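# Coordinates in review
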Amino acid sequence: MHRIRIEERPNWQQLAKEVGFHFHTIDGERYWDESACYRFTLDQIENHIEDPTAELEHMCFQVVDRVVQDEALLQKLAIPHSYWDYVRQSWQNREKNLYGRMDFSYDGQSPAKLLEYNADTPTSLYESAAFQWVWMEQAMEQGLIPPDCDQFNSIHEALIGAFANMNLQSPLHVASSQGSLEDEGTVLYLEECATQAGLQTHFIHMEEIGIDEKGRLTDLQDNVIHTLFKLYPWEWMMQEEFGKAMPTSGTTFIEPAWKSILSNKGLLPLLWEMFEGHPNLLPAYFANDPKAHMVGDTFVRKPLLSREGANVSIHRAGESLENVEGPYGAEGMIVQALHPLPVFEGNHTVIGSWLVASQPCGIGIREDNSAITKDSSRFVPHVIRD
Amino acid sequence: MKRSKSLKLALMGATILTMSACDSGNEVAAIFEDVDECARYEGQDLDQCRQGFEQAAAEHIRTAPKYTSVEDCQADFGNENCEQAPMQTTSGGSVFMPMMMGYMMGSMLSGGTRSNVATQPLYRSKDDPKSFRTGDNQKVATQTGVQKVPSNVTKSPSTKTSTLRRGGFGSTAARMSTRSFGG
């Protein structure tokens, strides 16, 4: 695994504009960054990332299986009591899931360590699945990288295949929150994939969703929403006014409700408890667990339900070294042994390993200037070349 | 190979445009106000006229826009043009819907091939009373008879309900200040 400085495609900003990839630069700061790429060997990709991702997904299923049957654990994960049956049923009915992203700390040599699992509302999808793919095709064509590169990235194909296999009722409604260009871009891309899978799609903002007298969800044209892809966290929906309508709404949600167990940072101590010592796991405990000290004096403290690094702090020898402010944490915290991100040319690098329909199918790499990956990180493409 | 074999350069913002661009074909449809008008039209068969009407009338109940107040319905469709729907809200309230002002079906004149036109009711809105519209509020035509219609109006209309309230999702996001609500 190496970070290699390369030339940018001269026309890439024009291309980004044409395809609607508007958030390549955010507040004047570069987000899509092709002035470098990461190079992996096939062995690194297959044995250090792909296989562990598949194995961890299998372990995660065992966690879900356990949690849905254990009310003390549902409580610990701060899932509201009124949703326990609903979450359990979504799992027992084997409601299909679409996608997720596991974040790893991996330096090319020692085993990749799972930092967290964005199982409910992962973003950076378009740049991983499509823009990165096109970058490599064009960079090879233009001689910016050797012509025999490959990439761990069948995300696009996998998404179309997954939509086709989910037996969804058309039209598929897709929703994101108002005011986030990035999230709207992500769902537009998913609409494109769903369309290629033969589904009709219909976009709506989360805020515009209505409810009818029977408790069914409706769109702005008063159509009943039968299937809803929502780029909006389960734990927020469960707290909001229409949340209580969801279990009886008849709507099929993507992701399904059982994903609320996996997107919860409480997954990490549960994995450690069930698979202690697994090479791809870091020691982790609920912060109020009497055994929490076993994590050592160098650890990361994370809220159960934080996003984009908010409210995450790094502790060493009793001192808080780095602390990202944010609105989370009231629901409980976990501690996880610190496994610092590898640093390549001054960049802290995290690997996002994508799963579609629970199958590993690609990676996207983000770099940050600090040790906690935040929403200020940069996306850097990768290649496979032995 | 570890990557997608092909990938038509996927668009983010332009998705909707490309979809409608592929969707601009025309279909031949038969549009009539009632069975009598249909049966008088050259080439139409009485049985088919009747069958189409009955099918559209059944679809009418399912797919007509629904209202919990007759005033709201009249505001959209005109004072004389609303009726009570054969259903009630769960709290026992009345439901109103516009009257069916015509119907559309596939035409036997379209060349003998199976028609792609879903048989369905048509409506006239208060602000555009000259046009027939689908239950999904798509403009179809201004005249009756066998004619070409845009293919986006020929699919089966969706189930309609009446929305009581909106805005019950999104309050958490409104309190956040991140650029993405994912992660």
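Just above sits the structure.
Residues numbered from 1 in each chain as written. Chains lettered and ligands numbered in written order. Predicted model: local features only at pLDDT ≥ 70, side-chain atom pairs only at ≥ 80, totals over all residues. Heavy atoms only, no water.

## Some words on the nonpolar core
Residues and elements named next belong to chain A. Put simply, the rule is: Among buried residues, those of type Ala, Val, Leu, Ile, Met, Phe, Trp, Tyr and Cys that are joined through side-chain atoms within 4.5 Å constitute a nonpolar core. Per-residue accessibility, obtained with a 1.4 Å probe over protein chains only, is compared with the maximum for each type, and a residue is labelled buried under 20%, exposed over 50%, and partly exposed between these values. The secondary structure listing takes helices from DSSP runs of H or I that are at least 4 residues long and strands from runs of E that are at least 2 residues long, numbered from the N terminus. Domain ranges listed in this record stem from an automatic or a database domain assignment.
Membership of the largest hydrophobic core comes to 82 residues, with the highest contact counts inside it found for Phe40, Ile79, Ile209, Met246, Leu271 and Ile351. Counting residues per element, this core draws most heavily on helix 2 (residues 42–67), which supplies eight residues. Two domains each put at least three residues into this core: domain 1 (2–263 + 343–384) and domain 2 (283–337). Of all hydrophobic cores here, the second largest spans 51 residues; its members include Trp133, Leu199, Leu231 and Val356.

## Here we look at the sheet that holds strand 8 (residues 145–150) of chain B
All names here are of chain B. Let me state the cut-off plainly: One requirement defines pairing of two strands: DSSP has to find at least two bridges between them. Angles shown run from 0 to 180 degrees and are taken between the N-to-C directions of axes, each axis being a line fitted to C-alpha atoms and, for helices, limited to the stretch in contact.
Taken together, six strands build an open sheet; the order of strands is 7-6-5-4-1-8 and the sheet is antiparallel. Edge strands, defined here as strands with exactly one partner in the open sheet, are strand 7 (139–141) and strand 8. With strand direction ignored, the average angle separating the axes of adjacent strands in the sheet is 45 degrees. Sheet analysis places strand 4 (residues 102–106) next to strand 5 (residues 120–125), joined by three bridges and oriented antiparallel. Opposite Met104, over in strand 5, you have Gln120 as the bridge partner.

## Observations regarding the packing of helix 2 of chain A against helix 10 (residues 267–274) of chain A
All names here are of chain A. Our working rule: Should an angle fall under 35 degrees it is called roughly parallel, over 145 degrees roughly antiparallel, and 65 to 115 degrees roughly perpendicular, with every other angle called oblique. Note on definitions: a residue-residue contact is assigned when non-hydrogen atoms from the two residues lie within 4.5 Å. Gly is placed with the polar residues, together with every amino acid not listed as nonpolar (Ala, Val, Leu, Ile, Met, Phe, Trp, Tyr, Cys and Pro) or charged (Asp, Glu, Lys and Arg).
Across the interface, helix 2 lies against helix 10 with an axial gap of 10 Å and an inter-helix angle of 100 degrees. For the element pair helix 2 / helix 10, the angle class is roughly perpendicular. In this structure, helix 2 contributes Met59, Cys60, Gln62, Val63, Arg66 and Val67 to the contact, and helix 10 contributes Leu267, Leu270, Leu271, Glu273 and Met274. Residues of the contact of helix 2 with helix 10, tallied by class, amount to eight nonpolar, one polar and two charged.

## Observations regarding the pairing of strand 20 (residues 359–368) of chain A
All names here are of chain A. Counted residue by residue, strand 20 has nine buried out of ten residues, so it is predominantly covered. Of the strand pairs in this sheet, strand 19 (residues 347–356) and strand 20 are connected by nine bridges, and their pairing is antiparallel. Along strand 20, the bridge assignment pairs Ile351 with Ile365. Connecting the antiparallel pair strand 19 and strand 20 is a turn made up of two residues, with Ala357 showing a positive phi of about 50 degrees. Pairing geometry for strand 20 and strand 21 (residues 378–380), over three bridges, is antiparallel. Bridge pairing links Arg366 to Phe379 in strand 21.

## Notes on the environment of Asp36 of chain B
Here Asp36 of chain B lies in helix 2 (residues 35–40). As for Asp36 of chain B and Arg50 of chain B, which are separated by 14 residues in sequence, their C-alpha atoms are 8.8 Å apart.

## Examining the sheet that holds strand 4 (residues 36–40) of chain A
Residues and elements named next belong to chain A. Taken together, three strands build an open sheet; the order of strands is 1-4-22 and the sheet is mixed. Taken across any chain shown, the strands that pair with only one partner, and hence form the sheet edges, are strand 1 (2–5) and strand 22 (382–384). Strand-to-strand, the axes of this sheet are offset by a mean angle of 30 degrees, without reference to chain direction. Pairing geometry for strand 1 and strand 4, over four bridges, is antiparallel. Looking at strand 4, one finds that His2 is bridged to Arg39. Sitting on the sheet, helix 2 is in contact with strand 4 and strand 22, with an inclination near 75 degrees to strand 4.

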